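Structural overview for review
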Amino acid sequence: MDELTITESDFQQMVMADDGRPVTTSLKVAKYFKKRHDNVMRAIRQLKKDCPEEFWLLNFEERDSVDARGKRRTIFEMTKDGFVMLVMGFTGKAATTMKIAYIKAFNWMAEQLRSLAMSYNLRRNELMLEYRQEKGIASLAGKTLRRWQDRKPELEGEILSIERDGQYALLLS
């Protein structure tokens, strides 16, 4: 495993978004590092004994999962920091190659999330600008309508008066 090519699809398999943060699972670590899941779980549980509680709580979450055969099993979900802490103990060239690939996968997912956030913010800002413009137009239209409502009776009265005056003038000539 000298040269490892990881595709975007692989990144999506290795790292996922959970509540806006990139995470992976003990199952995925076992798969990509070609280790038995029970050995990965043992390494994670050993970390729990060695790590400060605050670090542990922020970076590892024990979950129940159902595998492809319908069997219920416990897995750990971990952040990038939890992943790095776990795999620091994995050794060898293949492990180093996979560590690099996983770090790239986490960075890729973080970029995807950042891109979505930027896209959201851009669209939100565009909509806020459009909203303010439309509100300004509506406000101006409202003021203009109010002015029309105030002036309309006066103008209609003047028109009627002039028409009446014009009628009289036509009759006399």
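Just so it is clear, the model here is predicted, and its values are computed rather than measured.

The next subject is the overall build of the protein. Scanning the protein for helices and strands turns up six helices and four strands. Traced from its N-terminal end to its C-terminal end, the protein shows the element sequence α-β-β-α-α-α-β-β-α-α. Expressed as a percentage of the 173 residues in the protein, the buried residues total 26%. Taking as baseline every contact in the protein between residues at least 6 positions apart, the subset at least 24 positions apart corresponds to 59%. Just so you have it, the protein exposes about 12700 Å², and 54% of that area is on carbon and sulfur atoms.

Mapped onto the fold, Thr 79 is located in strand β4 (residues 72–79). A residue is classified by how much of its surface remains accessible, and Thr 79, at 10% relative accessible area, is buried.

Counting buried positions over the five residues of strand β2 (residues 21–25) gives four, a clear majority of the element. Here three bridges tie strand β1 (residues 16–18) to β2, and the two strands are oriented antiparallel to one another. Within the sheet, the bridge partner assigned to Met 16 lies in β2 and is Val 23. The antiparallel hairpin formed by β1 and β2 contains two residues in its connecting segment, where Asp 19 sits at a positive phi of about 55°. Here three bridges tie β2 to β4, and the two strands are oriented antiparallel to one another. Each residue of the ladder has a partner; that of Thr 25, found in β4, is Glu 77.

The strand order across the open sheet built from four strands is β1-β2-β4-β3, with neighbouring strands paired in antiparallel fashion. Every interior strand has two partners, whereas the edge strands, β1 and β3 (60–66), have only one. On average, adjacent strands in this sheet sit at an angle of 45° to one another, irrespective of strand direction. Lying on the sheet, helix α3 (residues 37–50) is in contact with β3 and β4; it crosses β4 at an angle near 55°.

Thresholds, definitions, all that
Residues numbered from 1 in each chain as written. Predicted model: local features only at pLDDT ≥ 70, side-chain atom pairs only at ≥ 80, totals over all residues. Heavy atoms only, no water. Helix = DSSP H or I, 4+ residues; strand = E, 2+ residues; numbered from the N terminus. Buried < 20%, exposed > 50% of the residue type's maximum accessible area, 1.4 Å probe, protein only. Contact = heavy atoms within 4.5 Å. Areas by Shrake-Rupley, 256 points an atom, 1.4 Å probe, with all protein chains shown as cover. Pairing = 2+ DSSP bridges. Axes fitted to C-alpha atoms, helices over the stretch in contact; angles between N-to-C directions.

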